[in-house]
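One letter stands for each residue in the lines below.
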Amino acid sequence: MKVPIYLEIHVDELLLRQEPARWDQAAALLNDLCHRAEQAGARLSLRVRETFVDGDNTDFLLGLIRRGHEVGWHSHGEDASALVAAFKHRSLPTHVASPGLVQAGRGWRRVLEQARSLGVSCITDSQDERRFVYQGWLAWQPIDGLWSLDTSVSPFAWGVLERGLFGVRHRHGGLDWQRLQRLAESWGRWPVPKGYAGYFGATFHEHNLCPPESYSPLRRELDQLQHFLDHFGPRIQTAGSIALPTPPSPPPEQPVGRVPLLFQRLRRGANRLREPALQHLTLGQRQVPYRVWGKPQRGNLVVVHGGSSGLEQRLGFLGLSPDDLAAEGIAVWCFARSAQSFLTPGNPLHRAELRALVDLGLATSKNTGILSWSGGLIPALGVASERPIAFLVDAEGPVDRHSLVPLKNPPTELQNRSVEEDALWIGLEAMTALPALRLPYLRLQGSIDHAHGSMIIHAQRAVQAVPGGRMEWLPGQLHEHPERVRKLLMGMFP
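Position numbers for residues count from 1 along each chain, tracking the sequence in the order it is written. At least 70 in pLDDT is required for a residue's local features to be given in this predicted model, at least 80 for side-chain atom pairs to be given and counted, and no such filter applies to totals for whole chains, interfaces and linings, which use all residues. The basis for every side-chain value is the complete set of non-hydrogen atoms in the structure, without hydrogens or water.

Asks: Looking at this structure, how should I read the packing of helix α13 (residues 348–364) against helix α14 (residues 377–384)?
Replies: If you want to describe how two helices pack, look at the angle between their axes and the distance between the axes. One can describe the packing of α13 onto α14 by two numbers: an axis separation of 9 Å at closest approach and a directional angle of 55°. Here α14 runs oblique to α13, going by the angle between their axes. Seen from above, α13 lies across α14 with right-handed handedness. Only Pro 379, Ala 380, Gly 382 and Val 383 of α14 make contact with α13, whose side of the interface consists of His 350, Arg 351, Leu 354, Arg 355 and Val 358. Lines fitted to C-alpha atoms define the axes, with helix axes restricted to the stretch in contact, and inter-axis angles between N-to-C directions lie between 0 and 180 degrees. Numbering of helices and strands runs from the N terminus; a helix is a DSSP stretch of H or I covering at least four residues, while a strand is a stretch of E covering at least two. Each angle gets one of four labels, with under 35 degrees taken as roughly parallel, over 145 as roughly antiparallel, 65 to 115 as roughly perpendicular, and the rest as oblique. Crossings are assigned a handedness: left-handed for a near helix turned anticlockwise from the far helix by less than a right angle, right-handed for a clockwise turn. The contact criterion used is simple: two residues touch if any of their non-hydrogen atoms lie within 4.5 Å.

What follows is the structure, given as structure tokens:
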């Protein structure tokens, strides 16, 4: 099901404050825009301020609400008490607002708390920085009791605002409606995880459609807007009407005893005294170093890591040593991927290295599976589509453009990529390959994700995408449950 779209118009007051007598012109423009939306089966979200509300002596805004449109307030980060009082005086609803979080800057929490105290239950706004991985696509609660449907696309991305020598200025005409349509269609292709509310939202100002100092819209802007409305029709609905279901509860925690991290490190250190021989795989002009622990009596487990060398990480992310599985007749293969500093996850180089190692494993046992850690999921899925591997175990891998870029310490090669551009993420999103996976898939997920803390929506998306996929939910961090994870990995081998 394609996600709903909200199209929000902020009615600014520069002209009205200078010339209150032009209220009728502003109202006529809004009336025309709402009528155009109605003809297409769409409904608009309007955000107004005190001057427009005070000038409404004919219940114009109430009439728009009766026609199915939404009227909320916006305040540019300022104290909204007087504005909300004006709304109440006109019997206008006050539960939806755009309080102005960008303008509030570091005072964003104060602005949100005031909005909640004034009766707001849903905001449509832009954050000055990312605070939730899926901002702009999934509704979330920045503070308890207040839902946020962040604007999906930056106003700079389609011409609402532009930067110049003298700072930011509002555009008058020239909005890129075709780009906005392309972005909305892209958002609509993403499968929304069960129990969450997905959407696409965009905001512009009424004066973006008009020449400076005017309320008479430009013909081109009206035509482009009309095309957008006609294209999406009833998918364009008010922000406040988007259903906000309660997200599903996390799976029940398993009664698994934790092993103190110090003891895990001591055990791994002791096992390193019995190192298997360092071998090298020739791949083109490169020599890929790898080690193999144990013999494939039951099969092979080829491990592909994210981050630093797999010969250093080994199975430490699970609180295990390769010897823990080698003792059970499972050969564990770890290798040192090529340098990370300039390579994005899933790049052809890493995929080729993993493919070659899997081929070596398959030559010794057809029962060869892959264990991926973090960003290693991306090349693992690529190789899984090319080779007859027995299974894939995914330990906390990122699955989409949102989860690939964590809020803290994002990888340099990804942090400046806009989520708005599909072309920038080709080959990087596991969600494009997971639905085609036709082999046993197990997701290992701690309630505290190694990159995203308590946010595990990406794990839910992954498991829901794979036919027959399953997730093992472990309280805390994965490395705190080595015995449980060891049994799970052994269970993948007959």
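Past the structure itself, the notes keep going.
Asks: How should the nonpolar core be read in this particular structure?
Replies: Considering soluble globular proteins, one finds that nonpolar side chains tend to be buried as a cluster. Ranked by size, the top nonpolar core spans 114 residues in total, and within it Leu 7, Phe 52, Trp 177 and Leu 434 carry the most contacts. The biggest single contributor to this core is helix α2 (residues 23–39), with 8 residues. Those residues in contact with Trp 177 that sit more than four places away from it in its chain are Leu 7, Trp 158, Phe 204, Leu 209, Glu 221, Gln 224, Leu 225 and Phe 228. The set of buried Ala, Val, Leu, Ile, Met, Phe, Trp, Tyr and Cys residues whose side-chain atoms join them within 4.5 Å is what this entry labels a nonpolar core. Relative accessibility thresholds used throughout: buried, under 20% of the residue-type maximum; exposed, over 50%; partly exposed, between the two (1.4 Å probe, protein chains only). Residues Leu 315, Ala 336, Leu 442 and Leu 488 belong to the second largest nonpolar core, which totals 29 residues.

Asks: Please clarify how the pattern of salt bridges should be interpreted in this entry.
Replies: Between side chains of opposite charge, pairing is possible as soon as their charged atoms come close. Only one rule defines a salt bridge in this text: a Lys or Arg side-chain nitrogen within 4 Å of an Asp or Glu carboxyl oxygen. Summed over the entire model, instances satisfying the criterion amount to 26 salt bridges. Arg 36 is paired through a salt bridge with Asp 32; the nearest N and O atoms lie 3.2 Å apart. A residue pair is termed a helical-turn pair when its members lie 3 or 4 positions apart in one helix, as Arg 36 and Asp 32 do in helix α2 at 4 residues. Arg 219 is the partner of Asp 223 in a salt bridge, and the nearest nitrogen-oxygen pair spans 3.6 Å. Here the residue Asp 223 and the residue Arg 219 both occupy positions in helix α9 (residues 219–232), the gap between them amounting to 4 residues, near one helical turn. Linked by salt bridges that have partners in common, Arg 189, Arg 401, Asp 422 and Glu 429 make up one network.

Asks: What's the story with the sheet that holds strand β3 (residues 70–74) in this structure? I'm lost.
Replies: Paired through their backbone hydrogen bonds, the strands of a sheet run either parallel or antiparallel. Here 8 strands make up an open sheet; going across it, the order is β6-β7-β5-β4-β3-β2-β1-β10 and the pairing mixed. Of all strands in the sheet, those bounded by a partner on one side alone are β6 (140–143) and β10 (200–205). Strand direction decides the pairing type here: β3 and strand β4 (residues 96–98), joined by 2 bridges, are parallel. Opposite His 74, over in β4, you have Ser 98 as the bridge partner. Along the sheet face, helix α7 (residues 108–117) touches β3, β5 (122–123), β6 and β7 (146–148) and points at about 105° away from the line of β6. Two strands form a pair only when DSSP identifies at least two bridges running between them.

Asks: Explanation requested: the side chain of Arg 22 in the structure shown.
Replies: Inspection of the secondary structure assignment puts Arg 22 in the loop between α1 (14–18) and α2. In this structure Arg 22 touches Leu 15, Leu 16, Glu 213, Ser 214 and Tyr 215, once residues within four positions along its chain are discounted.

Asks: For this particular structure, what's the right way to read the packing of aromatic side chains?
Replies: Each aromatic ring pair is characterised by the separation of its centres together with the angle its planes make. Aromatic pairs are defined between Phe, Tyr and Trp rings, using the six-membered ring for Trp, whenever the two ring centres lie within 6.5 Å; interplanar angles under 30 degrees are classed as stacked, those over 60 as edge-to-face, and all others as tilted. Tallied over the full model, the rule gives 18 aromatic pairs. Between Tyr 134 and Trp 137 the ring centres are 5.8 Å apart and the planes differ by 50°, which places this aromatic pair in the tilted class. The class of Tyr 134 is buried, set by a relative accessible area of 0%. Aromatic ring contacts, followed pair by pair, group Phe 132, Tyr 134, Trp 137, Trp 140, Trp 187, Trp 190 and Phe 200 into a single cluster. The lysine or arginine in question, Arg 131, covers the ring of Trp 108, its NZ or CZ lying 3.9 Å from the ring centre. The rule for a charge over a ring is simple: NZ of Lys or CZ of Arg within 6 Å of the ring centre, and within 35 degrees of the ring normal. In this structure, Arg 163 is placed above the aromatic ring of Phe 156, and the distance from its NZ or CZ to the ring centre is 3.7 Å.

Asks: Please clarify how the layout of surface pockets should be interpreted in this entry.
Replies: Taking a probe equal in size to a water molecule and rolling it over the atoms shows the remaining empty space. A volume near 1300 Å³ is recorded for the largest pocket. In this structure, the largest pocket is lined by 50 residues; those nearest its centre are Ser 126, Gln 127, Val 153, Ser 154 and Pro 155. If one sorts the elements of the lining of the largest pocket by residue count, β10 sits on top with 3 residues. Put plainly, a pocket is an open set of points on a 1 Å grid over the protein atoms alone with protein on both sides within 12 Å along at least five of seven lines, a cavity is a set where a 1.4 Å probe fits but cannot get out, and a lining residue has an atom within 4 Å of a point. Grid points are joined across faces, edges and corners, and a volume is the space filled by probe spheres set on the points.

Asks: Quick question: what am I supposed to make of unusual backbone geometry here?
Replies: Trans peptide bonds make up most of the peptide bonds, and negative phi angles are found at most residues other than glycine. In this structure, Asp 59 is a non-glycine residue whose phi angle is positive, near 60°. Residue position: Asp 59 is located in the loop between α3 (50–54) and α4 (60–66). In this structure, Ser 374 is a non-glycine residue whose phi angle is positive, near 55°. Taking the relative accessible area as the measure of exposure, Ser 374 reaches 16% and is therefore buried.

Asks: Sorry if this is basic, but what is going on with the pairing of strand β8 (residues 161–164) here?
Replies: With 4 bridges connecting them, β8 and strand β9 (residues 167–170) associate as antiparallel partners. From the neighbouring strand, Leu 161 faces β9, where its bridge partner is His 170. Remark: 2 residues form the turn of the hairpin made by β8 and β9, two consecutive strands paired antiparallel.

Asks: Just to check I follow, could you spell out the environment of His 207 for this structure?
Replies: Checked against the element boundaries, His 207 lands in the loop between β10 and α9. On the basis of relative accessibility, which here comes to 14%, the residue His 207 falls in the buried class. Sequence spacing of His 207 and Ala 356 is 149 residues, and the spatial spacing of their C-alpha atoms is 59 Å. For His 207, the contacting residues outside a window of four places in its chain are Asp 12, His 170, Arg 171 and His 172.

Asks: Even after reading the chapter, I still don't get α9, so can you show me in this structure?
Replies: Each turn of an α-helix holds 3.6 residues, which means side chains three or four residues apart point in the same direction. Each helix should span, by expectation, one fewer than its residue count multiplied by 1.5 Å. The end-to-end C-alpha distance of α9 is 20 Å, a good match for the 20 Å that 14 residues give at a rise of 1.5 Å each. All of the buried residues in α9 are Glu 221, Leu 222, Leu 225, Gln 226, Phe 228, Leu 229 and Phe 232. Buried residues of α9, seen end-on, are gathered within an arc of 160° and therefore sit on one face of the element. Among the structural elements, β1 (5–10), α2 and α8 (177–188) are those in contact with the buried residues of α9. Positive phi appears at Gly 233, one or two residues downstream of α9, with a value of about 50°. Directions drawn from the helix axis to the C-beta atoms are what define this arc.

Keep in mind that these numbers describe shape and distance, not what the molecule does.
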